[in-house]
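Spelled out from the first residue to the last, the chains are:
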Amino acid sequence: MSKRNPEYDFKWCPGCGDFGVVRAVEMAIGRRAAERGESIEKTVIVAGIGCSGNLVHLQEGPQPFGIHGIHGRTLPIAYGIKAGRPDLNVLIAAGDGDFLSIGMEHIGPQAKRNLDVTAVVMDNGIYGLTKGQASPTTMLGVVTPTTPYGKLEDAINPLELYLTLGVSFVASGISTKPRELAGLIQQGMDHPGFAIVHVQSPCTTYNDTYEALKGNPEKGIEPGAFDIPADHDPADRSAAIALAGNKAIPIGLLYQRADSTPMQQRLTEARARTKVRTRSVDDLLTGLHI
Amino acid sequence: MGSDLVVRFAGEGGQGQVTAAEGLAQAAAQVGYHVQTFATYPSQIEGGPTWAQTRVSTNTILTQGDQLDVLVALNRSAYETHIGELREGGVLIYNSKDFDEQLGGLSIGLDVDSLARATGNPRAANIIMIGAVAQLASMPADYFRQFIEARFRRGRANDDEIINGNIKALDVGFDAAAASGYRVNPLDPPPAIDRQRVLVKGNDFLSLGAIAAGLDIFIGYPISPATTILTFMEGNLNGEGKFVGQATSEIESIGAIVGAGYSGRKAMTSTAGPGLSLMGEGLGLAWMAEIPLVVCDVQRGGPATGLPTKTEQSDLLTALNPGHGDMRIPVIAPGSVEECWQAGIDAINWAERYQGPVILLTEMGVAERNEDVPRPDPSLVVAETRVVSDGSMGNKRYSGNGLAPFPVPGGPGAYVANASEHDEEGDTTHLPQVHVTQTERRFAKLKLLENGSYEAEHTESPIAIMPWGGSKGAARAAYQILRATGTELGWLYTMYLNPLPAALLEELRRKELVIVPELNYLGQFSGVLRGLGVNAHSITQYTGLPFKEQFLVERVREEIAARSGRLARV
Ligand SMILES: Cc1ncc(C[n+]2csc(CCOP(=O)(O)OP(=O)(O)O)c2C)c(N)n1
Ligand code: SF4
Ligand SMILES: [Mg+2]
């Protein structure tokens, strides 16, 4: 909608990785809707605060619903949407700062509920919107405006983190390959449970990692990312953890739990098992009669 | 004048005080008396000074009672703390095990634990206390036999044994009090029961109201004194489309109900002060993005962890402006258990009507007390539902000068619900004119809520008393005493604190002086009223306990005298 909207005043910098991600998201939700014969309005994008979250305003073509809330809280909002409307397809778009710093506390609980949503985490290793401060994925020793002597904290390994927290679908993508990324996002949406697609999405302005990811033999730079070998079994969690521990970033589907029961299904089953009786307000009041 | 009995059971937590107070209330309510209970205890699982009070009356009850007719002191420190509140002619029952000497005056020493053991039921100490109190107030033993029947007849094989044991305990208490020869003012027979009544606590009643108004989703995090709302919902809000969840923090609760409200459902959470602080940013999101939802804040003492199990009215300013920036959240504050039902309904309805967040502001003193109230008829509840977009507005969710139809995800009118300043379709913009228009739109919607009801009496008087929330009862009692003794004073009251009913605000602005009793240091509500052009002045108290009526009578007299002094000097 915003392309047509002259008042919308946010623009990504030229070359920003997020351009690739927004195309991949459009492809994935468009394809999903077409395959299921479902309207695009059945999809809701829950966006975080950062350059990345603006993806929600930059969808082209038929528009999904969106909610662009506050910094770090995409997962709680998504939890409530699914509690209210399990039939909706909920997609989260958030940055590494939003999802892994201020919003970190919410990953574990959603993993344990196995909330049926798909999170696309756009990792540029930096706080873009606030102009280049260190994020949880910024490497040890990197100089930024908030780390003048080099970053003192170790970088976290997001893939390892998701796997340890028990996220039931963990994939890793890269913004320069939007087609493959769209495939992973769609697989995540089809997965019945909590899916995270962690995307390398470089920031051309504050942390340009294109070359580092791709490698440059002439300069002796080893590729910082590699495709997950075809013989990797995504059902094998230990193998996934081993992959995540690699120095370079594995790209592809790391892990998908086979017997994944999402939150809403657990509730339905528990209610059936315990034979919950629904009592009307009238009935409840009668129980309070003196 | 009706007749009245005020009893306090005081001791160490776990000695059965609350059970005794609630049992006495239940028994008295069963035969038609009006009852109210009040309990206060420290924030710990076992022990600590705990007391519970029951008032039984032939009249409607406004407060838990200033002075005690009977004090049951279960240990020495309880005796020392509370004896000063026993009125002249009142009777003390004390746990003789805890005292080396015989106490003089109108006192009865009972070793309740040994007596309970002797009946074969060591847990019957509270029944013995109830028996003794009943005898002192000349209440027929029959009332209590009925109560024991009703309470312990559960279809178990040993029901008879349990019932007989408890009746024995009741008789032990009766006999001990009879042997003393003491009596307090006898209670008149109960009034005829005019309609079906329920005995209920504030938290349960507002939960029922919210469910009756169509609540779908409840997500909350445990915190005293709001936890019982969460557990009530866990137990009772179920069925098709209903969802209740325990969140991992109040930050998660508020985010979740924003999501649920956005998804088209009626959503609510409950918390107390510490949680409300954490919800500030999320409430701003709901205000900004125009998401209907209800946050129930059960006030305790603050700030920070404060007084977790005491009562106070010190969250009003936070409720009105829980986060940064220009906003003013609608606030409904029930003044009694009876009002909790309607407050629960109205909170949900308001959220739907104006499409935004509403705070249901209650307090420990109302949340946890039992009151007998007329049974409401759920079939008479008018449940409002937001105006839903049919797609004819296109994507313009935030258009016009006020309310615009709400697009429900999955249906037509896809937009971005945006917490950043946004244009009509929800896209972020920083244009000055848009910020002006949208800010004014958000505030204009409050007009839809200005038709709340209020109470007004003796409006000819230039001075009025206007309590809010749980201070209503004590203020009402004080008002009645003051009027009966010739003080010229008007009465104004509403549970709709923001926005105030428009006609009430006019009334308030006409007053020379509006006296506001409130349980906080700052005088929060009178400050709000002054900001609205009302000459309001607070009577404050910040002890963690509710007002006593006599205290208010004296303070109002002082306020009026000070006022006339000021006028005389002019
Ligand atoms: C509660 C809160 N704290 C801080 C901010 C400021 N802030 C906005 S975006 C951002 C970090 C963005 O980094 P990231 O999530 O990685 O997104 P990116 O811009 O890199 O895509 C911060 C700290 C805020 N909006 N809200
Ligand atoms: S600052 Fe970086 S992340 Fe933000 S838009 Fe520019 S390139 Fe993209
Ligand atoms: Mg970032």
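A. Main features of the overall build of chain B. Helix and strand content of chain B: 19 helices and 21 strands. Relative to the globule expectation of 25 Å for 570 residues, the C-alpha radius of gyration of chain B, 26 Å, shows essentially globular dimensions. By principal-axis analysis of the C-alpha atoms, chain B measures approximately 85 × 70 × 45 Å. If you take every contact in chain B between residues at least 6 apart in sequence, the share linking residues at least 24 apart comes to 71%. Of the roughly 20,600 Å² of accessible surface on chain B, a fraction of 51% belongs to carbon and sulfur atoms. Here chain B contributes 46 positive and 65 negative side-chain charges, whose respective centroids are spaced 2 Å apart.

B. Quick peek at helix α7 (residues 202–212) of chain B. Residues and elements named next belong to chain B. α7 sits mainly inside the fold: ten of its eleven residues count as buried. Along α7, the residues classified as buried are G202, N203, F205, L206, S207, L208, G209, A210, I211 and A212. Just downstream of α7 lies G214, where phi reads positive at about 100°.

C. Looking closely at the domain arrangement of chain B. Residue and element names in this part refer to chain B. Domain annotation of chain B identifies domain 1 (4–180), domain 2 (199–380), domain 3 (387–449) and domain 4 (455–569). The C-alpha-based centres of domain 2 and domain 3 are spaced at 25 Å. Of the roughly 1,900 Å² buried between domain 2 and domain 3 on both sides combined, carbon and sulfur atoms contribute 63%. Where domain 2 packs against domain 3, one counts three salt bridges.

D. Structural context of the coordination of the magnesium ion (ligand 3). Each protein donor to the magnesium ion (ligand 3) is listed here as D96(A) (OD), N124(A) (OD1) and I126(A) (O); together their distances run 2.0 to 2.2 Å. Taken in sequence order, the residues that donate to the magnesium ion (ligand 3) follow the motif D-x27-N-x1-I.

E. Seen up close, the sheet that holds strand β17 (residues 463–465) of chain B. Residue and element names in this part refer to chain B. Reading across from one edge, β16-β18-β17-β20-β21 is the order of the five strands in this open sheet, with mixed pairing throughout. For this open sheet the edge positions go to β16 (455–457) and β21 (536–540), each flanked by a neighbour on one side alone. Strand-to-strand twist of the sheet, defined as the mean angle between neighbouring strand axes without regard to direction, takes the value 25°. In this structure, strand β20 (residues 513–518) lies alongside β21, joined through five bridges in parallel fashion. Each bridged residue has a counterpart across the sheet, and for E518 the counterpart in β21 is T540.

F. Main features of the site of ligand 1. Surveying the vicinity of ligand 1 reveals 17 residues, the closest of which are C51(A), S52(A), D96(A), G97(A) and D98(A). Residues lining ligand 1 come from chains A and B. Between D96(A) and ligand 1, the recorded distance is 2.7 Å, taken from a side-chain N or O atom to an oxygen atom. A distance of 3.1 Å is found between an oxygen atom of ligand 1 and a backbone nitrogen or oxygen belonging to I126(A).

G. Layout of the nonpolar core. By size, the foremost hydrophobic cluster in this structure holds 156 residues, and its most contacted members are F99(A), Y162(A), F194(A), F205(B), M268(B) and F525(B). For this core, the element with the most residues is helix α13 (residues 337–354) of chain B, which contributes ten residues. Every residue in contact with Y162(A), bar those within four places of it in the chain, is listed here: F99(A), L100(A), I107(A), V121(A), V167(A), V170(A), I196(A) and H198(A). Counting residues in each nonpolar core, the second largest holds 52 residues, with L24(B), A28(B), A52(B) and I128(B) among its members.

H. Examining the interface of chain B and chain A more closely. Counting from both sides, the interface comprises 65 residues of chain B and, opposite them, 52 residues of chain A. Summing both sides of the interface, chain B and chain A together bury roughly 4,700 Å²; the carbon and sulfur share of this comes to 61%. Counting every contact that joins chain B to chain A gives two salt bridges. One salt bridge connects R113(A) with E252(B), and the closest N-O pair in it is separated by 3.0 Å.

I. Representation of unusual backbone geometry in the model. In this model, G302(B) is joined to P303(B) through a cis peptide bond whose omega is -5°. For P303(B), the location among the structural elements is in the loop between β11 (293–299) and α12 (316–320). Residue N498(B) is joined to P499(B) through a cis peptide bond whose omega torsion reads -10°. Structurally, P499(B) is set in the loop between β19 (496–498) and α17 (502–510). Located in the positive-phi region is N114(A), a residue other than glycine, with phi close to 55°. You can see N114(A) is positioned in the loop between α4 (107–113) and β4 (118–123).

J. Expanded view of the pattern of salt bridges. Counted under the stated rule, the structure contains 49 salt bridges over all chains. A salt bridge links E149(B) to R153(B); the shortest N-O distance between them is 3.3 Å. On the basis of relative accessible area, E149(B) is assigned to the partly exposed category, the value being 33%. The partly exposed category is assigned to R153(B), whose relative accessible area is 40%. Across the salt bridge formed by K447(B) and E450(B), the nearest N and O atoms sit 3.7 Å from each other. Residue classification places E450(B) among the partly exposed positions, given a relative accessible area of 26%. Several salt bridges converge on common partners, so that one network encompasses R32(A), R36(A), E38(A) and D190(A).

K. Up close: the packing of aromatic side chains. Evaluated as defined, the whole model comprises 18 aromatic pairs over all chains. With a centroid separation of 5.2 Å and an interplanar angle of 85°, the aromatic rings of W12(A) and F19(A) are classed as edge-to-face. A residue is classified by how much of its surface remains accessible, and W12(A), at 8% relative accessible area, is buried. Residue F19(A) is classed as partly exposed on the basis of its relative accessible area of 35%. Taking the centre distance of 5.6 Å and the plane angle of 85° together, the rings of Y79(B) and F99(B) count as edge-to-face.

Rules behind the numbers
- Residues numbered from 1 in each chain as written.
- Chains lettered and ligands numbered in written order.
- Predicted model: local features only at pLDDT ≥ 70, side-chain atom pairs only at ≥ 80, totals over all residues.
- Heavy atoms only, no water.
- Helix = DSSP H or I, 4+ residues; strand = E, 2+ residues; numbered from the N terminus.
- Rg over C-alpha atoms; globule rule 2.2 N^0.38 Å.
- Contact = heavy atoms within 4.5 Å.
- Areas by Shrake-Rupley, 256 points an atom, 1.4 Å probe, with all protein chains shown as cover.
- Lys, Arg positive; Asp, Glu negative; His and termini not counted.
- Charge placed at Lys NZ, Arg CZ, Asp CG, Glu CD.
- Buried < 20%, exposed > 50% of the residue type's maximum accessible area, 1.4 Å probe, protein only.
- Domains from an automatic or database assignment.
- Buried area = accessible area lost by both parts, 1.4 Å probe.
- Salt bridge = Lys/Arg side-chain N within 4 Å of Asp/Glu carboxyl O.
- Donors = N, O, S within 2.8 Å, 3.2 Å for Na, K, Ca; no water.
- Pairing = 2+ DSSP bridges.
- Axes fitted to C-alpha atoms, helices over the stretch in contact; angles between N-to-C directions.
- Near = heavy atom within 4 Å.
- Polar contact = N/O pair within 3.5 Å; in protein donor to acceptor, adjacent residues only side chain to side chain.
- Core = buried A, V, L, I, M, F, W, Y, C linked by side-chain atoms within 4.5 Å.
- Phe/Tyr/Trp six-rings, centres within 6.5 Å; stacked < 30°, edge-to-face > 60°.

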